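Summary of structural features
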Amino acid sequence: RMGATMSSFGSAIKSVQRGLISLGAGSSYPQTATATISSVDTTKSVLGHLGVNVTNDGSAKGLVQLTFTNATTITATRGDPSNTAVVSFQVVEYN
């Protein structure tokens, strides 16, 4: 039996940030949009895709890739901009 608790080690998580990125309809291919976050060390952070909501059509129009552009910017990219899409993300930065 292990007697250690999480408080014995301290918190492994430094920060958690969540946000939304809106991608409007009718833009050129590929379509990109960005969100600004508080600065993180991208080598110690994980970017999670929490889901996407697409108006009128749930097919490939909702396929959105998320990437760290830099320490304060998340970029969303998709190939089919014919409908509006909103993508949700989470960034977890570790100590």
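All residue numbers refer to positions counted from 1 along the written sequence of the respective chain. Residues qualify for local features only when their pLDDT is at least 70, as the model is predicted, and side-chain atom pairs are given and counted only at 80 or more; totals for whole chains, interfaces and linings, by contrast, use all residues. To get the side-chain values, take all heavy atoms of the structure and skip hydrogens and water.

**Structural notes on the overall build of the chain**
- Numbering goes from the N terminus for both helices and strands, where a helix is a DSSP run of H or I of at least four residues and a strand is a run of E of at least two. Tallying secondary structure elements over the chain gives 1 helix and 6 strands in all.
- Helices (α) and strands (β) of the chain occur, in sequence order from the N terminus, as α-β-β-β-β-β-β.
- Taking all 95 residues of the chain together, 31% fall into the buried category.
- What makes two residues a contact is simply this: any of their non-hydrogen atoms within 4.5 Å. Pairs at least 24 apart in sequence give 71% of the contacts found in the chain among residues at least 6 apart.
- The Shrake-Rupley method, run with a 1.4 Å probe, gives the accessible areas here. Residue values count only the displayed protein chains as cover. Carbon and sulfur atoms provide 52% of the accessible area of the chain, an area that totals close to 5,800 Å². The cut-offs for exposure are 20% and 50% of the maximum accessible area for each residue type, with area from a 1.4 Å probe on protein chains only; residues under the lower value are buried, those over the upper are exposed, and the others partly exposed.

**Here we look at the sheet that holds strand E2 (residues 31-36)**
- Strand pairing is assigned whenever DSSP detects at least two bridges linking the two strands. Spatial ordering of the open sheet is given by E2-E5-E4, a layout of 3 strands whose pairing is antiparallel. Edge positions in the sheet fall to E2 and strand E4 (64-70), since each of these pairs with one other strand and no more. When strand polarity is set aside, the average angle formed by the axes of neighbouring strands in this sheet is 25°.
- With 6 bridges connecting them, E4 and strand E5 (residues 73-78) associate as antiparallel partners. Among the inter-strand pairings, Gln65 is bridged to a residue of E5, identified as Thr77. Every angle, taken between N-to-C directions, lies between 0 and 180 degrees, and every axis is a line fitted to C-alpha atoms, over only the stretch in contact when it is a helix.

Purely geometric stuff here, so don't read any function into it on its own.
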